Amino acid sequence: GYYNYKRINIFWIDIMPSKNVIIVETSNISNFLYSRYHPMQPIRLGMTSELIYSYGMEKFMKIINTKKKTKSEIFNIHSSVFENSVMKKLTTDKIYNILLDEKHDDCPVFKGLVEYSILYSSASLLSSDAIINKNCQIAINWSGGLHHSKIDEKSGFCYVNDINLCILNLLKHFKQILYIDIDIHHGDGVEEVFYGTNRVFFLSFHYYNKNFFPGSGSILNKGISYGKYLSLNIPLKKNISDINFCKIFESAVHETMKHLKPDIIILQSGADSLASDVIGKFNLSIYGHSNCLKVLKKFNIPLLILGGGGYTKDRVSKCWTYETSIAINRNIQENIPHNVYWKLYKPNFELDLLKKDKYIDYNCKKYLDYIDKKIKKNFGFFYPNI
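Every chain's residues receive numbers from 1 upward, in the order its sequence appears when written. Only residues with pLDDT of 70 or above have their local features reported here, since the model is predicted, and side-chain atom pairs are shown and tallied only from 80 upward, although totals for entire chains, interfaces and linings are computed over all residues. As a rule here, side-chain values come from all non-hydrogen atoms in the structure, and water together with hydrogens is ignored.

(A) Helix H9 (residues 286-297), seen in detail. Labels follow the DSSP assignment, with helices taken as runs of H or I lasting at least four residues and strands as runs of E lasting at least two, numbered in each case from the N terminus. The span you would expect from a helix comes to 1.5 Å times its residue count less one. If you check H9, its first and last C-alpha atoms are 17 Å apart, about what 12 residues at 1.5 Å a residue would give, namely 16 Å. A simple rule labels every residue: compare its accessible area, found with a 1.4 Å probe on the protein chains alone, to the largest value its type can have, and call it buried under 20%, exposed over 50%, or partly exposed in between. A large share of H9 lies buried, amounting to 10 of its 12 residues. Those residues of H9 that sit buried are Ile 286, Gly 288, His 289, Ser 290, Asn 291, Cys 292, Leu 293, Lys 294, Val 295 and Leu 296. Contacts from the buried residues of H9 go to strand S4 (177-181), helix H8 (242-259), strand S7 (264-268), strand S8 (303-306) and helix H10 (313-327). What makes two residues a contact is simply this: any of their non-hydrogen atoms within 4.5 Å.

Structure below.
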């Protein structure tokens, strides 16, 4: 009774609910802290989980509690140098004192770092296992999606690269994987590992500027050797709007699906591409961001959804909660229900699905047409050779 019919048509999904979705819970992960002023705040994961429960969505999907994998399973994507120097057993005197508020280290060594890394990585592996075992059509782990860490170094708030772990796990059972990344930052840690393979198609939509981390993701980077033309980077300019982002996303995805027959899609759904993110440069509303998931669901193939960036925590939790409702085909109301994190949403207790800033979109029609032509040209040379 709160909304008129027009708003319901915009915000709500009029499909019967499905239980063919699994979400992996990492109940204690929100208790970790990088440092007091660090933009990456795991509490956003607790807020997301609580909001999902407060909407009653748990009735329409299966919840799996994270069972920790072994260290050998978690670290097998990284070198021994990484494990020994970055993730080595920490002692109290080597841990940053949170009271010192280390502000300048992207990847601080904080208390519980190894436990934190094992938790989110185990959750991602369990999500991929659920799809492998055909327990669901869609598996979700919002604590995952840390796409920057390299084989031998931590990077960009990321420690263990859980995405690469998932891909390696899935490649044992699936012939071809389509990886799609909508984080504001280029997924360099994933592209680097699979740049020369013809079994993983890498598709990334990101803000591109040499002075913006990680500085990679040029449209000219297309893969090498057997992976030639299986990396497709979509570099975008500041303040892209819903309309332009959805247009280029749908064009690239449909062109990809015309030439590729993936067995599974992995979506890294980083929420730092939302408007008002403290680090991001895009101007997407939650509705525009979530359109990516709606598009991918229509292909009706297994889908693994992971989190990623997102540094305005109330916006992140609203976005991922709404995207969870899309995954389970469930209508949710605009007013958020009361929950234990209620005060952190102050002063705005609505989902605000269409909220964005009044900025000029620097992605003009000429530039987007240029990108679209490059996409089609890429597939002119494309041959999967599997």
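That was the structure; now back to the text.
(B) Region of the structure containing the layout of surface pockets. A 1.4 Å probe that fits into a set of points on a 1 Å grid over the protein atoms alone but cannot get out defines a cavity; an open set with protein on both sides within 12 Å along at least five of seven lines defines a pocket, and lining residues are those with an atom within 4 Å of a point. Grid points are joined across faces, edges and corners, and a volume is the space filled by probe spheres set on the points. Estimates place the volume of the largest pocket at around 270 Å³. The wall of the largest pocket is formed by 18 residues, among which Glu 25, Thr 26, Leu 45, Gly 46 and Ser 49 lie closest to the centre. Elements with a minimum of two residues in the lining of the largest pocket: strand S1 (21-25) and helix H2 (43-54). Tallying contributions element by element places H2 first for the lining of the largest pocket, with 7 residues. In this classification, Asp, Glu, Lys and Arg are treated as charged, Ala, Val, Leu, Ile, Met, Phe, Trp, Tyr, Cys and Pro as nonpolar, and every other residue, Gly included, as polar. Considered class by class, the residues forming the lining of the largest pocket number 8 nonpolar, 8 polar and 2 charged.

(C) Region of the structure containing unusual backbone geometry. Cis geometry marks the peptide bond from Phe 213 to Pro 214, where omega comes out at 0°. Along the chain, Pro 214 falls in the loop between strand S5 (200-207) and strand S6 (231-236). The omega torsion of the bond from Lys 346 to Pro 347 falls at 5°, within 30 degrees of zero and hence cis. As for its placement among the helices and strands, Pro 347 is situated in the loop between H10 and helix H11 (365-380). With phi around 70°, Phe 157 is a residue other than glycine that occupies positive phi space. Inspection of the secondary structure puts Phe 157 in the loop between strand S3 (138-141) and helix H6 (162-171). You can call Phe 157 buried: its relative accessible area is 9%. Residues other than glycine seldom take positive phi values, yet Asn 239 does so here, at roughly 60°. Residue position: Asn 239 is located in the loop between S6 and H8.

(D) Quick peek at the pairing of S1. Here S1 lies mainly inside the structure; 5 of its 5 residues are buried. Going residue by residue along S1, you find Val 21, Ile 23 and Glu 25 tucked away on one face and Ile 22 and Val 24 tucked away on the opposite face as well. In terms of strand pairing, S1 meets S3 through 3 bridges, oriented parallel. Bridge pairing in S3 links Ile 22 to Ala 139. In the sheet, S1 pairs with strand S2 (residues 62-65) via 4 bridges, with the strands oriented parallel. The residue bridging Glu 25 from the neighbouring strand is Asn 65, located in S2. A clockwise course of the path from the first strand over the helix to the second, judged with the strands pointing away from the viewer, identifies a crossover as right-handed. Considered for its hand, the β-α-β crossover made up of S1, H2 and S2 is right-handed. The criterion for strand pairing is that DSSP finds at least two bridges linking the strands in question.

(E) Spotlight on the sheet that holds S3. A sheet is described by the order of its strands in space; here 8 strands give the open sequence S2-S1-S3-S8-S7-S4-S5-S6, paired in parallel fashion. Of all strands in the sheet, those with a lone pairing partner are S2 and S6, marking the two edges. Neighbouring strand axes in the sheet, compared pairwise and without regard to direction, differ in orientation by 15° on average. In the sheet, S7 pairs with S8 via 4 bridges, with the strands oriented parallel. Residue Leu 267 lies in a different strand from S8, and its bridge partner there is Ile 305. Across the sheet, H8 touches S4, S5 and S6, and the angle it forms with S5 is around 170°. Orientation is described by axes fitted as lines to C-alpha atoms, over the contacting stretch for helices, and by angles from 0 to 180 degrees between their N-to-C directions.

(F) Focus on the nonpolar core. Residues Ile 180, Leu 203, Phe 205, Ile 234, Phe 245 and Phe 249 are the most contacted members of the largest nonpolar core, which totals 91 residues. Non-local contacts of Ile 234, meaning those with residues more than four positions away in its chain, are made with Leu 203, Ser 204, Phe 205, His 206, Ile 248, Ala 252, Ile 371 and Ile 375. To qualify as a nonpolar core, a set must consist of buried Ala, Val, Leu, Ile, Met, Phe, Trp, Tyr and Cys residues joined through side-chain atoms within 4.5 Å. Among the nonpolar cores identified, the runner-up in size contains 22 residues, and Ala 139, Ile 167, Leu 171 and Leu 304 belong to it.

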